[in-house]
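# Understanding the architecture of this molecule
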Amino acid sequence: MRGQRRFLTWFVVLLLTLVTLPPCRLAASSDARSAAHHRPLTDEQKADQNLQFMLTLYRSAAEPGGRPKQYRKFGSNTVRLLTASASSVFYLPVSTEDHYYAFSAQYQLDLLPSERLIRASLVHLRAWSQTGLPSPRCRARVALSGGDALLSTMEPHQRWKEAHLGARLLRHSGGRLTVRAQYRCTVSGPRAYGIPGAPHLAVPALLLYLEEERDGKDWMMAQLSVAKGGDELTRRLNRWHPSVRRRRRRSPDSVSVLSGLGAALKGDTSVPKNRCKLHPFRLSFEQLDLGHYIAPPVYNPRFCQGDCPRVLTYDYHSPNHAIIQTKIHELGMGDVPPPSCVPYKYMPMSVLVKHEKKVEYKELDDMVAESCTCR
């Protein structure tokens, strides 16, 4: 009975602590959890509703380390949000509760030959300046150049609203798209006046779901080509990670044929101390001169290093060629090196990349080593 009373007392104290916890503390913990998915943002990036929308999309699809929660969750390997290259707005306050907006926006599609458009959406966005004030309920009527009108509603609790365009954009030809959006917003509540002259809405964004059919290696090489030269990048990596420097100094010829032959003559089947296995290798995208990568905050590609054992067990998944090569190396027949410790399986990784007029979510294959083998 005494133990039960102590437990009940502890439980009541804990419950009262949670109830009286200030909202700011709760919000701070929520911000910390969301920040685990991306690197620290500037004040300008925090106020960018386009980026905030894509960060929400990223968190729904990827773990904090960048591993996709589901393969091709969006039905494509790329989701690109385009901001308007040119826009104009007409604002008319019909009354203290009703507000009318008319946006005209142009978007540069500029799809690459290797990109296939799967579907498209228009993202209705609220203005950042109205944060903390009652949000209006906005009815939208959108007309594409040469297309029919599209109707949708953004409820007060929604920071943004994605309206699917269906096959409308698929029929569009040319690199420029013009969108005209009309909104009728109604504010309810005791603070319906809001801030005089402050807009409730931002210019809508265009969301493209694309299948990048170009090889992922070609895309990554194009990204790294804008970074500093390979020699400079290697020098900086050596400075950050001494293990890489030690590995570069070690020549493949440093493995002695005589030592391998001696082990074979002695019948040594022990596992080497420096066994081939997976090692962590953490760095930021800024260190790769890819500062426009917003998420994930840390990249851990991992690498395989170590000596391959004489007996290649099943868990190494080594081919027969590696088994024969090990025997040839032990017998000292020719200048044949032992099998190398290399990655066997890879995992994909999701990244979020911010450019001047667009934000991209991409699922990249073979970005993180998952296991090692000897071959």
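Going by the structure above, here's the rest.
Residues numbered from 1 in each chain as written. Predicted model: local features only at pLDDT ≥ 70, side-chain atom pairs only at ≥ 80, totals over all residues. Heavy atoms only, no water.

A few words on the state of the cysteines. Tallying each qualifying case throughout the model produces 4 disulfides. At a sulfur-sulfur separation of 2.0 Å, the disulfide partner of Cys304 is Cys372. The S-S bond linking Cys304 to Cys372 shows a torsion near -95 degrees; that makes this disulfide left-handed. A residue pair is termed long-range when its members are at least 10 positions apart, and Cys304 in strand β12 (residues 303–305) and Cys372 in strand β14 (residues 358–374) qualify at 68 residues. Take Cys304: its relative accessible area is 10%, and that puts it in the buried class. With a relative accessible area of 12%, Cys372 lands in the buried category. The disulfide partner of Cys308 is Cys374, and the gap between their sulfur atoms is 2.1 Å. On the sign convention where negative means left-handed, the S-S torsion of about -100 degrees between Cys308 and Cys374 marks this disulfide as left-handed. Here Cys308 is found in the loop between β12 and α9 (320–331), whereas its partner Cys374 is found in strand β14, with 66 residues between them in sequence. When sorted by exposure, Cys308 lands in the same class as Cys374, which is buried. Across the chain, the disulfide pattern expressed with sequentially numbered bonded cysteines is 1-2, 3-6, 4-7, 5-8. (Disulfide = S-S within 2.5 Å. Helix = DSSP H or I, 4+ residues; strand = E, 2+ residues; numbered from the N terminus. Buried < 20%, exposed > 50% of the residue type's maximum accessible area, 1.4 Å probe, protein only.)

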